[in-house]
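So the chains spell out like this:
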Amino acid sequence: QVQLVESGGGLVQAGGSLGLSCTASGITFSRNDMAWYRQAPGNQGELVARITSGGSTNYADSVKGRFTISRDNTKNTVHLQMNSLKPEDTAVYFCNAHKTGFVPMDFWGEGTLVTVSS
């Protein structure tokens, strides 16, 4: 059974920072590329950041330079450090694995809500 548990969300003022964590089980974590997605009400989910099993990273243009994705294979965790937050970053953030290309698994966690106030 695949489980993805996100944590770390909360309310923060614009310009502030938050760190998100995701713990995965039911997959061979170290062999999978991992990614963070976000979805705001009424909007399609978007890929925010990605880190390969080898440690290479990719970021959406909207967060590049502000967010950092990292992973700890010993803890089966992927982290998203978010700095210089903007109100438009407000969304529910989800993690997932990319087993094939940029396609996520069919299993999703509950996500963690990030609210950025102005």
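Right, let's walk through the structure included here. Please read these numbers as outputs of a predicted model, since none were measured by experiment.

Analysis parameters
- Residues numbered from 1 in each chain as written.
- Predicted model: local features only at pLDDT ≥ 70, side-chain atom pairs only at ≥ 80, totals over all residues.
- Heavy atoms only, no water.
- Helix = DSSP H or I, 4+ residues; strand = E, 2+ residues; numbered from the N terminus.
- Buried < 20%, exposed > 50% of the residue type's maximum accessible area, 1.4 Å probe, protein only.
- Contact = heavy atoms within 4.5 Å.
- Disulfide = S-S within 2.5 Å.
- Lys, Arg positive; Asp, Glu negative; His and termini not counted.
- Salt bridge = Lys/Arg side-chain N within 4 Å of Asp/Glu carboxyl O.
- Polar contact = N/O pair within 3.5 Å; in protein donor to acceptor, adjacent residues only side chain to side chain.

**Section: the environment of S62**
Okay, step 1: Following the sequence through the fold, S62 ends up in the loop between β6 (57-59) and β7 (67-72).
Okay, step 2: Take S62: its relative accessible area is 37%, and that puts it in the partly exposed class.
Okay, step 3: Along the backbone, S62 and A40 are 22 residues apart, and their C-alpha atoms lie at a distance of 14 Å.
Okay, step 4: Ignoring sequence-local partners within four residues, the contact set of S62 consists of R38 and E46.

**Thoughts on the state of the cysteines**
Okay, step 1: Inspection of the entire model under this criterion finds 1 disulfide.
Okay, step 2: Each disulfide pairs two cysteine sulfurs, and for C22 the partner residue is C95, the sulfurs being separated by 1.7 Å. Disulfide C22 to C95: torsion about the S-S bond roughly 45°, handedness right-handed. Taken together, the positions of C22 in strand β3 (residues 18-25) and C95 in strand β9 (residues 91-100) put the pair 73 residues apart, joining distant regions of the chain. For the pair shown, C22 and C95 are each scored as buried.

**Notes on the side chain of E6**
Okay, step 1: Looking at the secondary structure, you find E6 in strand β1 (residues 3-7).
Okay, step 2: One buried charged side chain, E6, makes no salt bridge at all; its nearest oppositely charged neighbour is R38, positioned 14 Å away.
Okay, step 3: Here the side chain of E6 touches C95 through a polar contact of 3.0 Å, landing on its backbone nitrogen.
Okay, step 4: A polar contact of 3.0 Å, which involves the side chain of E6, links it to the backbone nitrogen of G111.
Okay, step 5: Those residues in contact with E6, other than ones at most four positions away along the chain, are S21, C22, W36, Y93, F94, C95, G109, E110, G111 and T112.

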